[in-house]
Amino acid sequence: MPNQVPLVSYLVLGDDPHLIAHECTNCKARFFDRRNGCAKCFGTEFKDVSLPKEGKVRAFSIVHSAAPGIKVPFVASVIECGTTRVSANIINVDPKPENLKLGMKVKLATYVLGKDEVGTEAIGFGFEPA
Amino acid sequence: MASENLYILGIHMTKFGKYPNRDLIDLAAEAAQGAFKDGGVTMGDMNILAAGNLRGTGRIGQPLQKQIGQTGIPVYNVTNACATGATAMRVVMMAIKAGEADMGLAVGSEKLAGVGLLTGANVKADGKTWTPEGRFDAVSATDGRIGTETMPGVFAQIGMEYGSRYGEVSFETFAKISEKNHYHSTLNPLAAYQKRMSLEEIMKDVMVAYPNTRPMCSANTDGAAATVIVSEKKLRTLSKAQQDRAVKIAASVLTTDPWEDGCQVLANVNTCTREAAKQAYAQAGVGPKDIRLIELHDCFATAELVHYDNLMLCDEGAAVEHFNSGATWREGRQPVNVSGGLESKGHPIAATGIANVWEIATHLRGEAGPRQIEGAKIGMTHVIGLGNTCAIHILQK
């Protein structure tokens, strides 16, 4: 199996790919990116927590016009994973309004995004209908 | 607001549209000189200049002085996303309230015609090997792979998210909002587009980001707007004619969005707007029902709907019902975006937050001609700067 790297560091690969968040140890606010302090309580300590792999669609848009290199149309969405909202594309679905529904149940899925010159695969993620 | 009232003394906007042969400064100068003429003053009367521009140099104040009067006054160059113009106004107001000035000019100018899709900064070319970069340690571009940073897609989700909270909103409902604004634009000679469009035409137009089709998106245009703001004390020294046309700034508020889960993955334009509205109503001593007309930030048709609720023009969760009642059409109880809104008037970013004040002031002065909303004594403006900022002004005559 080729070497793999995640598209972003909050995607954890391995046997059980999942998303993590950096949780403020004081107020439990969660963040996906590197933070200097907590935007909610100003605390500066975080620990990593795993997110549920299933969620439901809180918002979506079928995007027909995007940056170069991005295949359109695709479905951009906000997924509620437990109490945490996640940005992701809804994948493995024909991107038409009749196939998408607010509140629909979805689950995390990964895919190979591309290979670099030394053959390492970058792995992306999305959510697919559950 | 603090003890002293502030007034719009003069205000002007250029026609929004395409100006291939005019630069940012030409447009800003037209707006500034128009505002001086409207207020019966000159550059020599200004104690402060705040100049807004987002996507050009961002530093147009001093170049503008070279064209309209180089008097040595302090210049503040302002950028605050789509709230840039409104922020420039607030810089002038804060200087007057602080006692550093008694009259000042706020201007916003933008060249946006033909720039195409506005998206986020997260577009990077892949290297030879995957190399983590930035706060997400991303090895490749994330825009389009992890959701979207394109404005039509972001605001589409903002509209859909409202549906998640209060019941699904149909594509047709959002499109009808756009139908209203394009209808309104037919009476506004300064709008970039003055074409009435049927619901069917809007729904069948090019899909940009469902449920926003092209006419449901704000128009990228060039344009500028400027206003002269004066203290009440100074105003009382001016002529009766000047005093008679002055419009009171009954409230001026700027907020940002407080943290809540989800704001990191979808811009939250709701919390900052609701808070700004609450503060603005309190400052002005009025309630939502006292507002005769509103110019709100319809950068996309999906955005207009959520702001009916955020500005408390309807009961919580009742934005669709409010729109379907006909209240927000120009013939309705409380018209919204009689200028045609950003969808047809155009959205030259830094000019927008002053141009909407021009629209309201023009109605309050009874000078709006064929599109005059009768009996307009109190009006409201609202802009959103993505990131997020909300600015609200309540004007009173």
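Residues numbered from 1 in each chain as written. Chains lettered and ligands numbered in written order. Predicted model: local features only at pLDDT ≥ 70, side-chain atom pairs only at ≥ 80, totals over all residues. Heavy atoms only, no water.

Trainee: Sorry if this is basic, but what is going on with unusual backbone geometry here?
Mentor: With the exception of glycine, most residues fall at negative phi, and the peptide bonds are largely trans. The step from valine 72 of chain A to proline 73 of chain A runs through a cis peptide bond, and the omega angle for that step is -5°. Relative to the helices and strands, proline 73 of chain A resides in the loop between strand 6 (54–63) and strand 7 (74–81). Going from glycine 387 of chain B to asparagine 388 of chain B, the amide bond is cis rather than trans, its omega being 15°. Position of asparagine 388 of chain B relative to the elements: it lies in the loop between strand 10 (378–385) and strand 11 (389–396). Even without a glycine there, the phi angle at phenylalanine 42 of chain A is positive, about 75°. Taking the relative accessible area as the measure of exposure, phenylalanine 42 of chain A reaches 67% and is therefore exposed. (Helix = DSSP H or I, 4+ residues; strand = E, 2+ residues; numbered from the N terminus. Buried < 20%, exposed > 50% of the residue type's maximum accessible area, 1.4 Å probe, protein only.)

Trainee: I tried to follow helix 4 (residues 151–166) of chain B on my own but got confused; where do I start?
Mentor: In an α-helix, one full turn covers 3.6 residues, which means residues spaced three or four apart are oriented alike. Residues and elements named next belong to chain B. Taking 1.5 Å per residue as the helical rise, helix 4 with its 16 residues ought to reach 22 Å, and the 23 Å between its terminal C-alpha atoms agrees with that figure. The element helix 4 is largely enclosed, with a buried count of 13 among its 16 residues. Note on helix 4: the residue one or two positions beyond its end, glycine 167, has a positive phi of about 110°. (Expected span 1.5 Å × (residues − 1).)

Trainee: Help me understand the sheet that holds strand 10 of chain B in this model?
Mentor: Think of a sheet as strands paired side by side through backbone hydrogen bonds, with each pair either parallel or antiparallel. Residues and elements named next belong to chain B. The strand order across the open sheet formed by nine strands is 3-2-4-7-1-8-11-10-9, and the pairing between neighbours is mixed. The strands lining the two open edges of the sheet, one partner per strand, are strand 3 (75–78) and strand 9 (293–295). Put simply, the sheet's adjacent strands are angled 25° from each other on average, direction ignored. With eight bridges connecting them, strand 8 (residues 247–256) and strand 11 associate as antiparallel partners. Looking at strand 11, one finds that threonine 256 is bridged to threonine 389. (Pairing = 2+ DSSP bridges. Axes fitted to C-alpha atoms, helices over the stretch in contact; angles between N-to-C directions.)

Trainee: Any chance you could explain the pattern of salt bridges here in plain terms?
Mentor: Side-chain pairing between opposite charges can occur once the charged atoms of the two side chains come close. All names here are of chain B. Applying the stated rule across the entire model yields 25 salt bridges over all chains. With a shortest N-O distance of 3.2 Å, glutamate 161 and arginine 165 are connected by a salt bridge. Of this pair, glutamate 161 and arginine 165 both sit in helix 4, four residues apart, which is roughly one turn of the helix. The partly exposed category is assigned to arginine 165, whose relative accessible area is 33%. (Salt bridge = Lys/Arg side-chain N within 4 Å of Asp/Glu carboxyl O.)

Trainee: What am I meant to see in helix 1 (residues 24–39) of chain B here?
Mentor: All names here are of chain B. Taking 1.5 Å as the rise per residue, helix 1 with 16 residues should run 22 Å; its terminal C-alpha atoms sit 23 Å apart, in good agreement. Listing the buried residues of helix 1 in full gives Leu24, Ile25, Leu27, Ala28, Ala29, Ala31, Ala32, Gly34, Ala35, Phe36 and Gly39. Here the buried face of helix 1 lies against strand 1 (6–13), helix 2 (61–68), strand 4 (103–110), strand 7 (223–231) and helix 8 (240–245). The opening residue of helix 1 is aspartate 23, an N-cap whose side-chain oxygen sits 3.0 Å from the backbone nitrogen of isoleucine 25. (Contact = heavy atoms within 4.5 Å. Polar contact = N/O pair within 3.5 Å; in protein donor to acceptor, adjacent residues only side chain to side chain.)

Trainee: Explanation requested: the interface of chain B and chain A in the structure shown.
Mentor: A common measure of how large an interface is: the accessible area buried when the components associate. Residue-level contacts link 40 residues of chain B with 53 residues of chain A. The contact between chain B and chain A buries some 4100 Å² in all, and 60% of this surface belongs to carbon and sulfur atoms. Considering only the side of chain B, the residues that lose the most area to chain A are Trp130, Arg135 and Trp259 of chain B, jointly responsible for 19% of the buried surface there. Here glutamate 161 of chain B makes a salt bridge to arginine 58 of chain A, at a shortest N to O gap of 2.5 Å. Seen at the junction of chain B and chain A, the total is 22 residue pairs in polar contact (both at pLDDT 80 or more). Every element with two or more residues in the side of chain B that touches chain A is listed here: helix 4 and strand 5 (207–210) of chain B. Broken down by element, the side of chain B that touches chain A gets its largest block of residues, eight residues, from helix 4 of chain B. Among the residues making up the side of chain B that touches chain A, the classes are represented as 17 nonpolar, 14 polar and nine charged. Both strand 6 of chain A and strand 5 of chain B contribute to a ladder of two bridges, which runs antiparallel. Bridge assignment links valine 63 of chain A to a residue of strand 5 of chain B, and that residue is alanine 209 of chain B. (Buried area = accessible area lost by both parts, 1.4 Å probe. Nonpolar A, V, L, I, M, F, W, Y, C, P; charged D, E, K, R; others polar.)

Trainee: It is not clear to me how the nonpolar core should be interpreted in this structure. Could you clarify?
Mentor: Generally speaking, nonpolar side chains in soluble globular proteins are found buried as a group. In terms of nonpolar packing, the biggest core is built from 98 residues, with Phe125 and Phe127 of chain A together with Tyr308 and Ile394 of chain B touching the most fellow members. Top element by residues in this core is helix 9 (residues 269–284) of chain B. It accounts for seven residues. Here isoleucine 394 of chain B is in contact with Lys248, Ile249, Ala250, Ala251, Ala280, Tyr281, Ala284, Val286, Ile291, Ile378, Gly379 and Met380 of chain B, once residues within four sequence places are set aside. Within the second largest apolar cluster, 34 residues are counted, among which are Leu6, Ile229, Leu364 and Leu395 of chain B. (Core = buried A, V, L, I, M, F, W, Y, C linked by side-chain atoms within 4.5 Å.)

Trainee: It is not clear to me how the confidence of the model for chain B should be interpreted in this structure. Could you clarify?
Mentor: Low pLDDT marks stretches whose predicted atomic positions should not be read closely. Looking at chain B, the pLDDT average stands at 96 and 97% of residues meet or exceed 70. Among the scores for the predicted complex, ipTM is 0.97 and pTM is 0.96. (pLDDT = per-residue confidence, 0-100.)

Trainee: Can you help me understand the packing of helix 3 (residues 84–97) of chain B against helix 13 (residues 349–364) of chain B in this one?
Mentor: Two numbers describe a pair of packed helices, the interaxial angle and the distance between the axes. Residue and element names in this part refer to chain B. Helix 13 packs onto helix 3 with a crossing angle of 70° between their chain directions and a minimal axis gap of 4 Å. The pairing of helix 3 with helix 13 is recorded here as roughly perpendicular in orientation. Each of Thr84, Gly85, Ala86 and Met89 in helix 3 lies in contact with helix 13, whose residues at this interface are Ala350, Gly353, Ile354 and Val357. The residue inventory of the contact of helix 3 with helix 13, partitioned by class, reads five nonpolar, three polar and no charged. (Parallel < 35°, antiparallel > 145°, perpendicular 65-115°, else oblique.)

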